[in-house]
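What follows is each chain in one-letter form.
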Amino acid sequence: MSTEIRWPEPYVVDALRAVGEASPLVFGLTNYITAGLNANMVLAVGGSPAIGGNPAAVEPLATAASGVWINLAAMVTDSPELLLRTARTAHAAGTRWVLDPVTVGGGIQVSDDLAAQLLAESPPTAIRGNASEVIALAGGGATSKGVDATATPEAAVPYAEKLAQRTGSVVAISGPTDYVTDGREVISVPGGHPWLTKVTGAGCSLGALVAACLAPGTDPLRATVAAHAVLAVAAERAAEQARGTGTFAAFVLDELTILAEGLST
Amino acid sequence: MSTEIRWPEPYVVDALRAVGEASPLVFGLTNYITAGLNANMVLAVGGSPAIGGNPAAVEPLATAASGVWINLAAMVTDSPELLLRTARTAHAAGTRWVLDPVTVGGGIQVSDDLAAQLLAESPPTAIRGNASEVIALAGGGATSKGVDATATPEAAVPYAEKLAQRTGSVVAISGPTDYVTDGREVISVPGGHPWLTKVTGAGCSLGALVAACLAPGTDPLRATVAAHAVLAVAAERAAEQARGTGTFAAFVLDELTILAEGLST
Amino acid sequence: MSTEIRWPEPYVVDALRAVGEASPLVFGLTNYITAGLNANMVLAVGGSPAIGGNPAAVEPLATAASGVWINLAAMVTDSPELLLRTARTAHAAGTRWVLDPVTVGGGIQVSDDLAAQLLAESPPTAIRGNASEVIALAGGGATSKGVDATATPEAAVPYAEKLAQRTGSVVAISGPTDYVTDGREVISVPGGHPWLTKVTGAGCSLGALVAACLAPGTDPLRATVAAHAVLAVAAERAAEQARGTGTFAAFVLDELTILAEGLST
């Protein structure tokens, strides 16, 4: 029982326009594999990204930013304590923040523990993961192989609803069709393209895009839906022109540029 | 005295098809400059990459993975101990692994010592480097300027044979023509394009591609040859269409996508 | 009162040709978000880049290199002490080096202190930043929002002149028009494209390109101007063909390749 939303749904267009008008500072902790693409996606939609766990900078940045995203894959270079500190700062400053629970449920105990502590201490505005990660975070027992989902998004929807009700966060599940819920309403976002799973960091960029769309103050459910709908349409258009994953990644950024610049006049 | 192999040699095609069918988890430690391209190449050929030295994750990942690659340039962020621990775990678990001895012989003592310790403790399934690195690793005295080879691949072949006989590893030398040996047979792989040396991480991606081709259980010599032959043909086709190194990098990924998706039907 | 210089000003062409002929080793410390693009730009103009703060390697590399750049955003992974040690080594070895004072004046005290210490201990050959950073470094009080400039380049010129006189460094300000000064002469470099601010690391790449152009021994003012003029023309040509920021980034590298390879015959 879900409502389907896709570009150019007016509230999606409005959410994207708000990013371009506010040009918000969006701060992220993520891993070095995906950081460049994440930053370029935020820039393409009109945000101003800063990424990285310089220990002296996370508190000023999490305070000054209008949106923060924390991807647990940041643990490749950053300590769990640094991630906790950043979330606490964002939470205390009233900065909306997004948790991307990469690898949760995949057998890395320290990730699972950190995610649980983040949810308990500093509940995020939104959580965005694949089906396995959302099920694991909600207390189900799915396992990830690396960062790939092995469960379907549809199977994860009841877990997402429960997780949203428990945490007060909007919860989004990525997949062939994406699902976004605040624990009451479930929105489905069709579209995208399988090559999004073949470009490293493309999925992770959703965490950054959700933070960018939350930053101007848009309703959290709608902002989270908007981020997914914008990437879905950009990916569809990019795939029509691309021959493989290399040009696809470049064309996704091009299509985001075209969508965003088309609204700024 | 070498046998020339190039795409579409049947065993090369078979090795690539096996990657697509197994979709193996391939785990790498490398530096942040090349990680994104490495991951995208593994994805393009159908593997499932995970990269990075989260200290709590390297043991689970090196155990769960079907292939591992360790690039000594990882020392930009990871400690020598972490690299040793990863190799030991892979070795103990029977996970095939690839050593990319970047900078060995270039005057960084800690890299040279680490490479020697890795070979002694946890002999890799394959070693892949440029001519200078292979000569240095075999006990010759070549020096690298940064990460560029100053010796020719042809000059390095006898060193590669000796190194393969001593370690039991397959040894590959990258250059205008690549050479791969198990200490008995020497295979030459022509092709590629000089722009591969003008895209950061393109050479390093061979380490990741070798790990991906080893992962499904293909004969180590053939798997290593296959990785080189697949990148060589993709680079040749990409260069025909590209005007410079920016589009070249994107087109290499496109050509890998086309090769891999062409086999999966 | 400034002199306008643009490609193909003969000394700019000569500076670029010198890079291709020397193929200098250029060593950089920067953050992981921008490292790949920085390296690819240096490669495209004919340099040989090495990036990254392996503690055991910074001294050999800063000694062996002909040019070094230090971007304060490196503090995402590297300690202030490592940056100081690298600058001291370059200074002691007579290696020309470039400071990119990213985030200085933006409220991160440790960055401001580190920049001041670098200038006092190991004055760089050139400094390259945006208007806010240059004003802050010169003792004015501009503030950065993340890494974006909020002051105009024109307003920063008097600060740049003062800073150049005090340090003996060439000082460059990036913006819609770039300005470069040695404290006596002011050169303006028009061109470029706004999308340069929409691709992460494109601005930071100027630090790397200045180091590459300084490496062969070209007059520091002219080398710094040349780096800016080369990127400006490449960006203009790339923007004529690109639909958005994804292809733009690839085409900038293509145009740099074409400029550099056009001189090497």
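Quick caveat, the model's predicted, so the values are computed rather than measured.

Peer 1: Looking at this model, I keep getting lost on the UniProt feature "binding site: ATP" (unreviewed entry) in chain A. Mind explaining?
Peer 2: Residues and elements named next belong to chain A. Mapped onto this structure's residue numbering, the UniProt feature "binding site: ATP" (unreviewed entry) falls at R128 and S174. Taken together, the annotated residues stretch across 47 residues yet fold into one region, lying no more than 7.4 Å apart by C-alpha. The residue R128 is located in strand β6 (residues 126–130) in this model. By relative accessible area, which is 6% here, R128 ends up buried. Each residue touching R128, except ones within four places of it in the same chain, is listed here: L99, D100, P101, A172, S174, G203, C204, L206, G207 and H228. Looking at the secondary structure, you find S174 in strand β7 (residues 170–174). Within the structure, the side chain of S174 is placed 2.5 Å from the side chain of R128, a separation counted as a polar contact.

Peer 1: Help me understand the relation of the copies chain B and chain C, please; the structure alone is not making it clear to me.
Peer 2: The two chain copies are related to each other by a rotation about an axis together with a translation along it. Superposing chain B onto chain C takes a rotation of 120 degrees plus a shift of 0.0 Å along the axis, which leaves an RMSD of 0.0 Å. Such a turn and shift between the copies fits a three-fold axis. Distance from the rotation axis, computed per C-alpha, reaches its smallest value in chain B at Y32(B): 3.3 Å.

Peer 1: Hey, could you run me through the sheet that holds strand β5 (residues 96–100) of chain A in this one?
Peer 2: Sheets are built from strands paired through backbone hydrogen bonds, the pairs being either parallel or antiparallel. All names here are of chain A. Spatial strand order, β1-β9-β8-β7-β6-β5-β4-β2-β3: nine strands in an open sheet with mixed pairing. Bordering the open sheet on either side are β1 (3–4) and β3 (48–51), each of which pairs with just one other strand. With five bridges connecting them, strand β4 (residues 67–71) and β5 associate as parallel partners. When the sheet's bridge partners are listed, V68 is paired in β5 with W97. Its contacts with the sheet place helix α7 (residues 153–167) against β6, β7, β8 (178–181) and β9 (186–189), and it is angled at close to 165 degrees to β7.

Peer 1: So what exactly am I meant to see when it comes to the UniProt feature "binding site: substrate" (unreviewed entry) in chain A here?
Peer 2: Residue and element names in this part refer to chain A. Taken from the UniProt record, the annotation "binding site: substrate" (unreviewed entry) applies to G201. Here G201 shows up in the loop between β9 and α8 (205–214). Judged by relative accessible area, G201 falls into the buried class, the value being 8%. Ignoring sequence-local partners within four residues, the contact set of G201 consists of T34, L37 and N38.

Peer 1: Looking at this structure, how should I read the pairing of β6(A)?
Peer 2: Looking down a regular strand, the side chains alternate between one sheet face and the other. Residue and element names in this part refer to chain A. Buried residues dominate β6, accounting for five of its five residues. Burial of the side chains of β6 extends over both faces: A126, R128 and N130 are buried on one face and I127 and G129 on the other. The sheet contact formed by β5 and β6 spans two bridges and is parallel. The residue bridging L99 from the neighbouring strand is I127, located in β6. Handedness of the crossover joining β5 and β6 through helix α5 (residues 109–121): right-handed. Where β6 and β7 come together, five bridges link them in parallel fashion.

Peer 1: Whenever I open this one, the interface of chain C and chain A confuses me. Can you help?
Peer 2: Taken together, the contact pairs 21 residues of chain C with 30 residues of chain A. For the pair chain C and chain A, the summed buried area comes to about 2000 Å², and 57% of that belongs to carbon and sulfur atoms. Summed over the three residues of chain C that lose the most area to chain A, namely Y32(C), K198(C) and R243(C), the buried surface amounts to 29% of that side. Joining chain C to chain A, the criterion identifies one salt bridge. Note that E255(A) and R243(C) form a salt bridge whose closest N and O atoms lie 3.0 Å from each other. Our enumeration of links across chain C and chain A arrives at nine residue pairs in polar contact (both at pLDDT 80 or more). When residues in the side of chain C that touches chain A are grouped by element, the largest group, three residues, is from helix α10 (residues 245–263) of chain C. Looking at the side of chain C that touches chain A, its residues break down into eight nonpolar, nine polar and four charged.

Peer 1: Sorry if this is basic, but what is going on with unusual backbone geometry here?
Peer 2: For residues that are not glycine, phi is negative in most cases, and the peptide bond is trans in most cases. All names here are of chain B. Between W7 and P8 the backbone carries a cis peptide bond, its omega angle lying at 5 degrees. When you line up the elements, P8 lands in the loop between β1 (3–4) and α1 (10–22). The residue T103 is not glycine, and still its phi comes out positive at about 75 degrees. Relative to the elements of secondary structure, T103 occurs in the loop between β5 (96–100) and α5 (109–121).

Peer 1: So what exactly am I meant to see when it comes to the packing of aromatic side chains here?
Peer 2: Both the distance between ring centres and the angle between the ring planes are used here to describe each pair of aromatic rings. In the structure shown here, the tally under the stated rule is six aromatic pairs over all chains. Put simply, the rings of Y32(A), Y32(B) and Y32(C) pair up and form one aromatic cluster.

Peer 1: What exactly am I supposed to notice about the side chain of T218(B) here?
Peer 2: Relative to the helices and strands, T218(B) is located in the loop between α8 (205–214) and α9 (220–241). Residues within four places of T218(B) in sequence aside, it is in contact with A15(B), A18(B), R96(B), C213(B) and A223(B).

Peer 1: Just to check I follow, could you spell out the interface of chain B and chain C for this structure?
Peer 2: It is common to give the size of an interface as the accessible area lost on bringing the parts into contact. With 21 residues of chain B at the contact, the number on the chain C side is 30 residues. Carbon and sulfur atoms make up 57% of the surface buried where chain B meets chain C, a total of about 2000 Å² over both sides. Sorting the residues of chain B by area buried against chain C places Y32(B), K198(B) and R243(B) first, and these three jointly supply 29% of that buried surface. Where chain B touches chain C, the interface holds one salt bridge. At the surface where chain B touches chain C, the tally comes to nine residue pairs in polar contact (both at pLDDT 80 or more). The greatest single-element share of the side of chain B that touches chain C, amounting to three residues, is contributed by helix α10 (residues 245–263) of chain B. Class assignment of the residues belonging to the side of chain B that touches chain C gives a composition of eight nonpolar, nine polar and four charged.

Scoring rules and cut-offs
- Residues numbered from 1 in each chain as written.
- Chains lettered and ligands numbered in written order.
- Predicted model: local features only at pLDDT ≥ 70, side-chain atom pairs only at ≥ 80, totals over all residues.
- Heavy atoms only, no water.
- UniProt positions renumbered as here; feature names shortened; annotations may be inferred.
- Helix = DSSP H or I, 4+ residues; strand = E, 2+ residues; numbered from the N terminus.
- Buried < 20%, exposed > 50% of the residue type's maximum accessible area, 1.4 Å probe, protein only.
- Contact = heavy atoms within 4.5 Å.
- Polar contact = N/O pair within 3.5 Å; in protein donor to acceptor, adjacent residues only side chain to side chain.
- Least-squares fit on C-alpha atoms with pLDDT ≥ 70 in both.
- Pairing = 2+ DSSP bridges.
- Axes fitted to C-alpha atoms, helices over the stretch in contact; angles between N-to-C directions.
- Right-handed = clockwise from strand over helix to strand, strands pointing away.
- Buried area = accessible area lost by both parts, 1.4 Å probe.
- Salt bridge = Lys/Arg side-chain N within 4 Å of Asp/Glu carboxyl O.
- Nonpolar A, V, L, I, M, F, W, Y, C, P; charged D, E, K, R; others polar.
- Phe/Tyr/Trp six-rings, centres within 6.5 Å; stacked < 30°, edge-to-face > 60°.

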